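Summary of structural features
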Amino acid sequence: MDPADFYSGIVAELYRPLKSVSQDPEPYAAFIRQVGVPALELGCGDGDPLLELRRRGLEVEGVDSSADMLERLRRRADEQGLPATVFH
């Protein structure tokens, strides 16, 4: 299996419910404010902390190797009314 294909199907579906911790977005937000925008989150997965950074009005885009995780991120962004640009 290609490592990029690991986070697909049932693994992508169970990722969020089984995740033990979410990173505090504030250190990322402070860094982006200091160095400027736009910013790119590598390995953005299903949207933590990218969606919180977008909620704070920061210009952040994401990239991830998992199409399934990106689909989950897009769904969450739509549910929260947040614009999110992500790349596969």
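Above this text sits the structure in question.
Before going into details, it helps to say that this report is about the structure given with it. If you're wondering where the values come from, they're calculated on a predicted model, not measured in any experiment.

Calculation notes
- Residues numbered from 1 in each chain as written.
- Predicted model: local features only at pLDDT ≥ 70, side-chain atom pairs only at ≥ 80, totals over all residues.
- Heavy atoms only, no water.
- Helix = DSSP H or I, 4+ residues; strand = E, 2+ residues; numbered from the N terminus.
- Buried < 20%, exposed > 50% of the residue type's maximum accessible area, 1.4 Å probe, protein only.
- Contact = heavy atoms within 4.5 Å.
- Areas by Shrake-Rupley, 256 points an atom, 1.4 Å probe, with all protein chains shown as cover.
- Pairing = 2+ DSSP bridges.
- Right-handed = clockwise from strand over helix to strand, strands pointing away.

With that settled, consider the overall build of the protein. When you go through the protein residue by residue, the secondary structure sums to four helices and three strands. Each helix and strand of the protein, ordered N terminal to C terminal, gives the series α-α-β-α-β-α-β. Expressed as a percentage of its 88 residues, the buried residues of the protein come to 32%. Relative to all contacts within the protein whose residues are 6 or more apart in sequence, the contacts with residues 24 or more apart total 55%. As presented, the protein carries roughly 5,500 Å² of accessible surface, and 55% of it is formed by carbon and sulfur atoms.

With that settled, consider the pairing of strand β1 (residues 39-42). Only one face of β1 is buried, namely the one carrying A39 and E41, since none of L40 and L42 on the opposite face is buried. Here β1 runs beside strand β2 (residues 60-63); their pairing, made up of four bridges, is parallel. If you follow A39 over to β2, its bridge partner there is V60. In this fold, β1 hands off to helix α3 (residues 50-55), which returns the chain to β2; that crossover is right-handed.

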